[in-house]
Amino acid sequence: MSADKSRILIVDDHPIMRFGIAAIVNAQPDMTVAGQAGSCAEAVRVFREVRPDLVLMDLRLPDGSGVDSIRAIRALAPTARIVVLTTYEGDEDIHQALSAGATGYLIKGMSHSALIQALHRVLAGQRFLPPFVTEALSSRAPGTHLSPREQQVLQLMFGGKSNREIAEALEIKEVTVKSHVSVILMRLDVSDRTQAVVEGLKRGLIHL
Amino acid sequence: MRDLRVPVVADMRDLKPARSSLYSLRKSAAKCARFFPMTMLAAVVAGLGGLRGQGPQNTLPVSYARAIWRVSDGLPEDTVQALVQAPDGRLWIGSTGGLATFDGAHIRNFALPQPISANSAFSLAISHDGTLWAGTEGGGLLHISGSAIKVLFTESGLTDGFVRTLCEDSRGQLWVGTDNGLFRLKGNDRLERVDDTAAIPSMAVHSIMEDRDGRLWVGGSKLVAIRRDGSSQPYTLPGAYSATRVKKILQAADGTVWVGTVGGLAKLVDGHFERVPPIRATVRSLLQTNDGSLWIGTIGDGLWILREGQLTKVNEPGLLPSTTILSILEDNYGQVWIGTQVGLLRLSSTPVTIVPLPDPRDSDFETISGDSSGKIFVAARNLFTIVGGVAARARLGIPDVTVRNVFTAQDGTLWVGTDGSGVYRIHNGQVTHYSAPEQLTNNFIRAFLESHHREMWIATDEGVSVLTSRGATKFTEASGLAYFSTRCLVEDREGIIWVGTDRGLSAIKDGAFLQNDTTRALAHEKVWSILEDRQGALWFGTRDHGLFRLQSGSLQQYTVDQGLTSNSIYQLLQGADGTFWITGPNVIASAPERDMNAPWDASKDASKRLSVAVYGMPYGAEGAQLYGGREPAGYIAPDGSVWFPTNQGVAHVIPRETSVSGPSPRVALESVEEDGRVLSPTTGLTVPANVSRLIFNFSAVYLRPQNQLHFRYMLESFDTTWISSTSTEKATYTNLRPGHYRFRVQAYDSSRPQAVDEVSIDLQQTSHFYQMLWFYTLCALLLGAIGLLTYRMRVRQLHGRFAAVMEERSRLAREMHDTIIQSCTGVSALLEAIAITAESKPEVNRELLTLARQQTRQTIETARQVVWNIRHTTENDVDVVAAIRDYTVQIAREDVRFTVEVEGPQEVCLPASTAHELLMTVREAVYNALQHSGSDRIGVTLRQQGSDLEVAIRDFGTGVPEPILTHPIDGHYGIIGMRERMEKVDGTFHITSAPGSGTTVQVQLPLHGRKRGGLWA
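Residues numbered from 1 in each chain as written. Chains lettered and ligands numbered in written order. Predicted model: local features only at pLDDT ≥ 70, side-chain atom pairs only at ≥ 80, totals over all residues.

The next subject is the overall build of chain A. Counting its secondary structure elements, chain A contains 10 helices and 7 strands. Buried residues in chain A amount to 47% of all 208 residues. Nonlocal contacts in chain A, meaning residues at least 24 apart in sequence, comprise 60% of its contacts between residues at least 6 apart. (Helix = DSSP H or I, 4+ residues; strand = E, 2+ residues; numbered from the N terminus. Buried ≥ 20, exposed ≤ 12 C-beta atoms within 10 Å, placed from the backbone. Contact = placed C-beta atoms within 7 Å.)

The helix and strand inventory of chain B stands at 10 helices and 72 strands. When the 1017 residues of chain B are sorted by exposure, 41% land in the buried category. Taking all contacts inside chain B whose residues are at least 6 apart in sequence as the whole, residues at least 24 apart take part in 53%.

It is worth spelling out the sheet that holds strand β56 (residues 649-653) of chain B at this point. Spatially, 4 strands are ordered β29-β56-β55-β54 (chain B) in an open sheet, and the strand pairing comes out antiparallel. Sheet topology places β29 (352-355) and β54 (635-636) of chain B at the edges, where each strand pairs with a single neighbour. (Pairing = 2+ DSSP bridges.)

Turning to the packing of helix α3 (residues 66-76) of chain A against helix α4 (residues 91-100) of chain A, a few remarks are in order. Residue and element names in this part refer to chain A. Packing of α3 against α4 brings their axes to within 9 Å, and their N-to-C directions diverge by 10°. Overall, the two elements α3 and α4 adopt an arrangement that is roughly parallel. Contacts between α3 and α4 involve V67, I70, R71 and R74 from the former and Q96, A97 and A100 from the latter. Grouping the amino acids of the contact of α3 with α4 by side-chain chemistry returns 4 nonpolar, 1 polar and 2 charged. (Axes fitted to C-alpha atoms, helices over the stretch in contact; angles between N-to-C directions. Parallel < 35°, antiparallel > 145°, perpendicular 65-115°, else oblique. Nonpolar A, V, L, I, M, F, W, Y, C, P; charged D, E, K, R; others polar.)

Residue and element names in this part refer to chain A. Along the chain, I82 turns up in strand β6 (residues 81-86). A residue is classified by how many C-beta atoms lie within 10 Å of it, and I82, with 29 of them, is buried. Along the chain, I82 and A100 lie 18 residues apart, while their C-alpha atoms are 9.9 Å from each other.

Looking now at the interface of chain B and chain A. Taken together, the 31 residues of chain B in the interface contact 26 residues of chain A. Those elements that place two or more of their residues in the side of chain B that touches chain A are α5 (773-837) and α6 (842-871) of chain B. At 21 residues, α5(B) tops the list of elements feeding residues into the side of chain B that touches chain A. For the side of chain B that touches chain A, the class distribution of residues is 19 nonpolar, 9 polar and 3 charged.

All names here are of chain B. Judged by which residues are buried, strand β71 (residues 988-994) turns out to be one-sided: F989, I991 and S993 face inward and are buried, whereas T988, H990, T992 and A994, on the alternate face, are not. The pairing of β71 with strand β72 (residues 998-1006) spans 7 bridges and is classified as antiparallel. Bridge pairing in β72 places T988 opposite Q1004. Hairpin geometry of β71 and β72 is characterised by an intervening segment of 3 residues between the two adjacent antiparallel strands and by a positive phi of about 85° at G996.

Okay, α3(A) next. Along α3(A), the positions that sit buried rather than exposed are A:G66, A:V67, A:S69, A:I70 and A:I73. With its buried residues spanning 155° around the axis, α3(A) presents them on a single face. (Arc of directions from axis to C-beta.)

Below, the discussion takes up the nonpolar core. With 198 residues, the main nonpolar core has B:I93, B:L124, B:I296, B:V378 and B:W457 as its most contacted residues. Beyond its immediate stretch of four places on either side in the chain, B:I296 contacts B:L265, B:I279, B:V283, B:L286, B:L303, B:W304 and B:L306. Residues A:I94, A:Y105, A:F128 and A:V133 belong to the second largest nonpolar core, which totals 56 residues. (Core = buried A, V, L, I, M, F, W, Y, C linked by C-beta atoms within 7 Å.)

Time to look at the sheet that holds strand β57 (residues 666-674) of chain B. All names here are of chain B. Reading across from one edge, β58-β57-β60-β63 is the order of the 4 strands in this open sheet, with antiparallel pairing throughout. Each of the sheet's edge strands pairs with one partner strand only, and the pair in question is β58 (677-679) and β63 (730-734). In this sheet, adjacent strand axes meet at a mean angle of 25° when their direction is disregarded. Pairing analysis gives 8 bridges linking β57 to strand β60 (residues 693-701), with the strands arranged antiparallel. Each residue of the ladder has a partner; that of A668, found in β60, is S699.

All names here are of chain B. For G684, the position within the fold is in strand β59 (residues 684-687). Once the C-alpha coordinates of G684 and D762 are considered, the two residues, 78 residues apart in sequence, prove to be 4.9 Å apart. If near-sequence neighbours (up to four positions away) are discounted, G684 is found in contact with I761, D762 and L763.

With that settled, the discussion passes to unusual backbone geometry. Residue B:P278 follows B:P277 across a cis peptide bond; omega there is 10°. Position of B:P278 among the secondary structure elements: in the loop between β21 (272-276) and β22 (282-288). A cis geometry characterises the amide bond from B:A436 onward to B:P437, with omega recorded as 0°. Located in the positive-phi region is A:R51, a residue other than glycine, with phi close to 45°. The phi angle at B:D270 is positive, at roughly 55°, despite the residue not being glycine.

Two faces, one strand: in a regular strand the side chains alternate between the faces of the sheet. Residues and elements named next belong to chain B. The sheet contact formed by β59 and strand β65 (residues 752-765) spans 4 bridges and is parallel. Looking at the pairing, G684 lines up with D762 of β65. When strand β64 (residues 739-749) meets β65, the two strands line up antiparallel, connected through 10 bridges. Residue pairing across strands places R744 opposite S760, the latter belonging to β65. The loop that links β64 with its antiparallel partner β65 comprises 2 residues.

Moving on to the environment of B:D675. Residue and element names in this part refer to chain B. Along the chain, the position of D675 falls in the loop between β57 and β58. In this structure the C-alpha to C-alpha distance between D675 and R693, which are 18 residues apart in sequence, comes to 5.0 Å. Among residues more than four places away in sequence, those in contact with D675 are V691, S692 and R693.

Residue and element names in this part refer to chain A. Contact pair helix α7 (residues 148-158) / helix α10 (residues 193-203): the axes reach a minimum separation of 9 Å and the direction vectors enclose 110°. Our classification of the angle between α7 and α10 gives roughly perpendicular. Between α7 and α10 lies a crossing of left-handed hand. Note on element contacts: α10 touches α7 through R193, A196, V197 and G200, opposite L154, M157 and F158. (Left-handed = near helix turned anticlockwise from the far one by under 90°.)

Residues and elements named next belong to chain B. Considering every residue of chain B, the mean pLDDT works out to 83; 88% of them sit at 70 or more. Across residues 1-61, where pLDDT falls below 50, the model places 98 contacts with residues more than four positions away in sequence or in other chains. Low confidence marks residues 1010-1017, where pLDDT is under 50. Its contacts with residues over four positions away, or in another chain, come to 14 contacts. Predicted as a complex, the structure gets a pTM of 0.60 and an ipTM equal to 0.71. (pLDDT = per-residue confidence, 0-100.)

Printed below as a string of structure tokens:
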């Protein structure tokens, strides 16, 4: 491994994915895979060990969200260049990831050239956001932020739980659940719970 | 003798042989008949006095209508021994078969309690308090109050059970005569024997009578009169001892004491009893009726009547069904009731007598008319005249033709209508014949009319002809007549000729037909009789729809509903006193002029009735049919008597005061039937809601002939008007709505419609619960509640469905995301890598390709599994043992030996989703062993460890290098997936491996307690 090669850390819980990405990266003359990680914790540990020039970060990891790892890594190295490489999740994920410090956002399944191009741009200190990501970000309505509690409620609504069941699950009063639900409906600009869940999934407020 | 005011009896006393006296009586009656209308049928009380210069009014015959009741009509037995009339008007009947009551229509047996040693009721008496005393033959004395019966016999002091007579004297003391002893009632239930003492000899008692001086006459084996002071005076009766046994004692209105004995009749004259010849049979019953006649009933010699001093035996053939008269009673209507051995008889006097025609074949006749001399023409098969009550063939000097009607013109000219031979005019012995088609429209003559202009109008079977001195005019249907078949003719005060036909009415004025409201209104009626009354009102009698009265242009209809006895009118007549006479097919009736011409507003006076008197046909002519349709079907003679043609002969009515005496009918509500359940309510009635049919049975106490008895009823709040009921004595109502009603029923005599008796009963038809307000309210509430519940259930159902959809969608999404998308993106990454490494590093390329192929295969398999799971969304339990065995069979290869060992139960069932994860893990492990270990043996072991299931997959191959176990990047990719799958089902995953000694994958998962279906649980 030559020293002038950019060193890449691949964080993905899927071994095949890592294998493939690693092959692509290693095939580049100016890049090399510095390390691989399959979980949040591992990502932070390996980052700390290898200090890569760039981290390719999956958002969905067995022990948490990649966003957390991004924050942890940025906390260790505020200048760390992190590119999210994930299956499409939702607007909120993009937003979350970018606000956590990611400078690029890639969707799995894109061509190797697009990947390499993105890596080059980020390594050059630029941001890389594909057109649909910028679209999603710009269309993200302001004021639709849901509090963590409201997101919990929405997640439980997705599970088909009634207000009472949600209250039991969260150990809060049913009336409080009701008020959360009404806030959620208002924020998402929908009229019923089903639409709220669909909208929440679409926006990445809740996940499958 | 002093007592006898009628000299005839004195004369009779001189007639020595009884037979000749009887003969003489008959002869007198026959003589009498020559001068006065004679009756064949009635009991004739023809006065011999008529021959002695007394007024003929005293010797008028009295005609009786007879009715008889026998066992077949409800009598307990035919032998009627005693009769009394109760204060409520009913008749008590004592028969050999027991007691019965009679209200005029129904005989009701009065059940006597058992055991009564003898049923036969021999004597009856009504007490001052209205209760009944009944003496039996052998069973003692009965006291009947309402339905309560008390028996007085030996325990009460009555030593003889054969009670022959009962008498309550003016002080209310009851005297009881028996076959052995006279008793009197002491207190309520003690009988004290009063004979067989120094004052009164021992005797058998058959009759007791208190005379107007307060003396008690007691007769039987002896005859004594007991004074109030207790002393008695014996009387001897003429004749042999055996003939002097007393059967009946009676004091007449004139004070004469009459005694009926085994040997005949005796009367007290100057303190001595004298026999009254010619009666020699046992006189069992005596009665003086209100008109002063003495009725004498004998055993075996029939009924005798002493009236105005004339003693006559009633000998009309068939009038009395038996020659033995056991009891006689006059009721409060003046009707005489006679108890015989063959039934109970009622004789009601009627003003109708029947004059028979000489030849019985002639009774089928048509019309009747008369002339000013009092001669009556009867047109039957032959023509008759009746003079002095006797019918005889008439000879008019015309050919032998069948005469239909005779008309006497004002100038005395006789017009004779024939049956097919036209008209004969007889004037001063000159006979002129008119016939069709010359002068008449038809030769069958129906009616004559002499107009004010002396024109002769002749109605026929086909049209009307008018004969004048100038010639004949004809009116037929072709010339404008309402109908060809004409029935009657009348000229009114305005000179209009009215022609009644079988279909409509024609009015002809000055030879032209008039059309007016009346002819139009009656256009479809059969008009059979027309009358212009004294006040100028025109009356049209129709065959089917009653009477129509035309006055001042307004037409008023009178039918049965207004009190007529029939809607079929044959003849209308008005007598000199204004009385209307109305006949129908089988009835002669009259109505007073004041009723017929009273202002009548049917809408206001819906309950008003005409006073209609019905004239009963005398015995022998019951059921006589009247004639109509050919005029004149009735005739009022100059003497005011009225004549009608019947099929039993000529009915002759001599009008008299028609008002009926005696009480009006007394109506009673017998019972109410609720769907067949018979109740006898007294005050009010609450009808259960489920009762749909309500029948009110009513009756009336009215001893007069029932054809005058009318009922009408009304259910207030249901009926708006009275409903007439003449034939049935019940009113039926079905499906009354809940609510309060009052049933009223009235009874009246049709001749006295204003004397109405009424009873009523209140009833409440209760509501079904579903007809009540509270039920409706409850229903509304329930409906509301159901609606709310349905809504809630629907919401819950939607939630549930939503949850199910969400769960399924989530599962699919997770499966897709976790497996297929991941795999695809992985393959994609591999392919991208292949694309850029193809040239430089062929070995890397090959490895990438192998991986990509493996991954793709695995993805296909995974996708299949996802679908498999979709097909089994319901969590059926899956036997994992069998599933693993199946799997090992599927992948079996010749060079590898699979063993599946199961410790414990040979069947381990897990929820399908759990089983799926386990099976996938086992597959992965087996697959790894097959692919990488090179072992020729692979063993799967299942073991239950407490509540957990342990599964071990073991090979004996090369083993997995340690770095791959911890860092599975270089090949054995299934390890992480297997671990994750097991974690998903709350299980654990261990892999141990040593180089050369094989690899063991151990998984453990709980058999129970895993939460179902929670994606994020």
